[in-house]
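Coordinates in review
What follows is the residue order along each chain.
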Amino acid sequence: MLKQCLIMAALFAATLPSHAGEGELRLGDYYVISRGDRGQFLGSHRLFKENASGLHEVSYCGETYWVRAKTVAWTQLEEENERTVNVEFNRGKGWRPICSKPSDQVRLADIGVTLPAAEMLFTSEAELKRANRFAAIGQSFRALGKSGPQGSYHAR
C-alpha cells in the first residue's frame, strides 16, 4: 500500500511545474485584493484571463488580464483610501501577491472611461450600457461629418 501511494505521489509531482513560473500562474484564480493595515482581507474583484462581453484588456506587471471597468474604479478608490491593493493568485494553497499597486498601472482613462472612479463604481450596468450606446451613435455621426457637408436634398 505504501509503495502504491509513493508511486501515485511521484506521478502527481511529475505533472507539476518545477518552479513557480508562468505555467503555475495560469492554473489558478486571479483577483485584485484590498487588505487592511494588518493584512486582513477587505474586498476583492476577479481578473479574467480571457475576453468576454463587457471586459477591458489591461496589463498588470506585464501580464494581460480582462477586467470590468468597475474593477478599475474600485482599485483606484481602495488605493485613494490608503489600503494595500495587490493582484493576487490562488492555486488552492493560499493567496500569493504577484503585482502591487495595480492602480498605478491602469486607470479608468486607460480603458476609455471618463467618469470619476466613485461615480463609475455606483453607476448601474444599464446606465453604463445606455451611455455607451449614445457615445457610439455620436461617434458614428462625427465620423460622417469628417467628409464634409453633403447638403440637403432641397438644396440641389
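To keep things clear, this report deals only with the structure shown in the data block. (Residues numbered from 1 in each chain as written. Predicted model: local features only at pLDDT ≥ 70, side-chain atom pairs only at ≥ 80, totals over all residues. Heavy atoms only, no water.)

Going through the model one piece at a time under the given rule, you end up with four salt bridges. Taking the shortest distance from any N to any O, the salt bridge between Lys49 and Glu63 comes out at 2.9 Å. Placement of Lys49 in the loop between β2 (41–47) and β3 (56–60) and of Glu63 in strand β4 (residues 63–67) is noted, with a sequence separation of 14 residues between them. A salt bridge links Arg83 to Glu78; the nearest nitrogen and oxygen atoms lie 3.1 Å apart. (Salt bridge = Lys/Arg side-chain N within 4 Å of Asp/Glu carboxyl O. Helix = DSSP H or I, 4+ residues; strand = E, 2+ residues; numbered from the N terminus.)

With that settled, consider the state of the cysteines. Applying the stated criterion across every chain, the model contains one disulfide. Residue pairing for Cys61: its cysteine sulfur links by disulfide to Cys99, the two sulfurs lying 2.0 Å apart. On the sign convention where negative means left-handed, the S-S torsion of about 80° between Cys61 and Cys99 marks this disulfide as right-handed. With a gap of 38 residues between them, Cys61 in the loop between β3 and β4 and Cys99 in strand β6 (residues 95–100) connect regions that are remote in the sequence. (Disulfide = S-S within 2.5 Å.)

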